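Residues per chain, in single letters:
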Amino acid sequence: MAASEFMREALAEAEQALGWSSPNPAVGAILVRDDEIVGRGHTQPPGEAHAEVMALRDAGERARGATAYVTLEPCGHFGRTPPCTRALVDAGVTAVHYAIEDPDPQVSGDGHRQLLEAGLAVTVGDGAEEATRLLEGYLKHRRTGLPFVIAKYAASLDGRIAAASGDSRWVSGPETLLWAHHIRPTLDAIVVGSGTVLIDNPQLTARPGGTIEGAHQPLRVVVDSTGRISEQAAVMHGPSPALVATTTRSAPEWRERLRAVGAEVLELPERHGHVDLEALLGILGGRGALTVLVEGGGVLLGSLFDDRLVDRVQVVIAPMIIGAAEAPSAVAGSGAYRMVDAPRLREVTVERLGADILVSGLVDWPPTTVG
């Protein structure tokens, strides 16, 4: 079911909570009375008010007799905040439309039941498709404990992410850079490999308006199995500490130098000669990260695909041809031996970013074969 006019307003509220609300879901709520919006709100940072309570505060006495449009099933349990179902009932709301059920075992179906038992009219499904897309990170995390993983890269028309020299600035255009900084505040972590740090020296900060001021900053993560990056790298400094995932193959003295400049260093097990990425994702998920963006390079992305850890792909295709057999490709690793083994994308969207083309879709993994 496509979102109604009022649910679209609730979804717009929810977008404002992405990143800020984790590990809680980014939820939006609208209160409507006599076909007029009388209150709106979205989830605040952990420990603060949920979307429904924010909308009720905004509406005040006008909430009595109103209908609530909420992007996720209202919670009915005591956590760090009281239940939203009780707040809606006590405020005199008479009907609730919510988009999708909350898979959290503490909520799933119970919020719906409590509202019905209190005499409210309850409907579900308005804006379900849009809410599922918006909450894809939260939904996976609650079902598996792992974050939703987005693999992102910019490549030429012939699939190269850099020239033969390793120079990769810039494959994509300025509009793509603006887009990248627009989505970064909605993320919980950005992950890159040591090669990307050595070649590009990125900051990995979110600068949607050209500055970090007022923007949610995702955790910056570098995967460096052997200890290659310098403590002077840009990612080691900035508005928040970085996390470096390494193995016992890195030198203890190198780890201490990184810790001395404020980085958190994790020693993780190896898999296929590199940091075990599933172990890293498990740690990030355990810390409440809902959505993780992996920006490469090719070796890191190749390992991620080989281990079937990617949920969504975002590929920026630049209108250029690089050529050169030695130029690095976007995805390395073992890859698919047969075409039937290659993952394909579904629910694909295509949009223009200036001269570049953004292709995004969910990864559809083929069945694994035995023997």
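As a reminder, the structure under discussion sits directly above these lines.
Our subject in this report is the structure included herewith. (Residues numbered from 1 in each chain as written. Predicted model: local features only at pLDDT ≥ 70, side-chain atom pairs only at ≥ 80, totals over all residues. Heavy atoms only, no water.)

Two modes of strand pairing occur in sheets, parallel and antiparallel, and in both the strands are linked by backbone hydrogen bonds. The strand order across the open sheet formed by nine strands is S10-S9-S8-S7-S13-S6-S14-S16-S15, and the pairing between neighbours is mixed. Strands with a single pairing partner mark the edges of an open sheet, and in this sheet they are strand S10 (264–267) and strand S15 (344–353). Adjacent strand axes in the sheet meet at a mean angle of 20 degrees when their direction is disregarded. Bridging between strand S14 (residues 312–318) and strand S16 (residues 356–364) involves six bridges; their strand directions are antiparallel. Across the sheet, Val-315 pairs through a bridge with Val-359, a residue of S16. Running over the sheet, helix H7 (residues 174–183) touches strand S6 (148–156), S14, S15 and S16 and is turned about 160 degrees from S14. (Pairing = 2+ DSSP bridges. Helix = DSSP H or I, 4+ residues; strand = E, 2+ residues; numbered from the N terminus. Axes fitted to C-alpha atoms, helices over the stretch in contact; angles between N-to-C directions. Contact = heavy atoms within 4.5 Å.)

On to a nonpolar patch on the surface, then. A surface patch of nonpolar side chains, amounting to about 310 Å² of accessible area, comprises Leu-345, Val-348, Val-350 and Ile-357. In terms of residue count, the dominant contributor to the nonpolar patch is S15 (three residues). Along the chain, the position of Val-348 falls in strand S15. On the basis of relative accessible area, Val-348 is assigned to the partly exposed category, the value being 44%. (Patch = residues over 30% accessible without salt bridge, like charges linked within 9 Å, V, L, I, M, F, W, Y side chains within 5 Å. Areas by Shrake-Rupley, 256 points an atom, 1.4 Å probe, with all protein chains shown as cover. Salt bridge = Lys/Arg side-chain N within 4 Å of Asp/Glu carboxyl O. Buried < 20%, exposed > 50% of the residue type's maximum accessible area, 1.4 Å probe, protein only.)

A surface patch of negative charge is lined by Glu-5, Asp-34, Asp-35 and Glu-36. Following the sequence through the fold, Glu-36 ends up in strand S2 (residues 36–42). (Lys, Arg positive; Asp, Glu negative; His and termini not counted. Charge placed at Lys NZ, Arg CZ, Asp CG, Glu CD.)

On to the environment of Asp-34, then. Tracing the chain through its elements places Asp-34 in the loop between strand S1 (28–33) and S2. Judged by relative accessible area, which is 73%, Asp-34 ranks as exposed. Linking Asp-34 and Pro-147, residues 113 residues apart in sequence, is a C-alpha distance of 41 Å.

Turning next to the nonpolar core. Within the largest apolar cluster, 38 residues are counted, with the highest numbers of intra-cluster contacts made by Leu-31, Val-93 and Val-96. Going through the elements one at a time, helix H1 (5–15), S1, helix H2 (51–59), strand S3 (67–72), strand S4 (95–100), helix H5 (128–134) and helix H6 (136–144) are the ones with two or more residues in this core. In terms of residue count, H1 provides more of this core than any other element does, five residues in total. If we ignore the near neighbours within four places in the chain, the residues touching Val-96 are Ala-68, Val-70, Pro-74, Leu-88, Leu-115, Leu-120, Ala-121, Val-122 and Thr-123. The next biggest cluster of nonpolar side chains, apart from the first, holds 31 residues, and it includes Ile-161, Leu-266, Leu-277 and Leu-284. (Core = buried A, V, L, I, M, F, W, Y, C linked by side-chain atoms within 4.5 Å.)

This part covers the packing of aromatic side chains. For the structure on display, the rule yields two aromatic pairs. With a centroid separation of 5.4 Å and 45 degrees between ring planes, the pair formed by Phe-6 and Tyr-69 is classed as tilted. Taken together, the positions of Phe-6 in helix H1 and Tyr-69 in strand S3 put the pair 63 residues apart, joining distant regions of the chain. Of the residues examined, Phe-6 reaches a relative accessible area of 13% and is grouped as buried. Accessibility expressed as a relative area gives 12% for Tyr-69, which makes it buried. Here Phe-305 and Trp-365 contribute two aromatic rings whose centre-to-centre distance is 6.1 Å and whose plane-to-plane angle is 55 degrees, an arrangement assigned as tilted. Residue Phe-305 is found in helix H11 (residues 298–306), and its partner Trp-365 is found in the segment after S16; the two are separated by 60 residues along the sequence. Here Phe-305 falls in the buried class, since its relative accessible area comes to 16%. In this structure Trp-365 comes out as partly exposed when scored by relative accessible area, which is 24%. (Phe/Tyr/Trp six-rings, centres within 6.5 Å; stacked < 30°, edge-to-face > 60°.)

Turning our attention to the sheet that holds S3. The mixed open sheet is built from five strands, whose spatial order is S2-S1-S3-S4-S5. Of all the strands in the sheet, the pair left with one neighbour each is S2 and strand S5 (121–124). Direction aside, the axes of adjacent strands within the sheet are offset by 15 degrees on average. In this structure, S1 lies alongside S3, joined through four bridges in antiparallel fashion. Its bridge partner being in S3, Ala-29 is matched across the sheet by Val-70. Against the sheet, H2 contacts S1, S2 and S3, and its axis sits at roughly 135 degrees relative to S2.

What follows deals with helix H10 (residues 277–286). Among all positions in H10, only Leu-277, Leu-280, Leu-281, Leu-284 and Gly-285 are buried. Axial view of H10: buried residues confined to an arc of 135 degrees, hence all on one face. Residue Asp-276 occupies the N-cap position of H10, its side-chain oxygen lying 3.1 Å from the main-chain nitrogen of Glu-278. Looking one or two residues past H10, Gly-288 carries a phi angle of roughly 95 degrees, positive in sign. (Arc of directions from axis to C-beta. Polar contact = N/O pair within 3.5 Å; in protein donor to acceptor, adjacent residues only side chain to side chain.)

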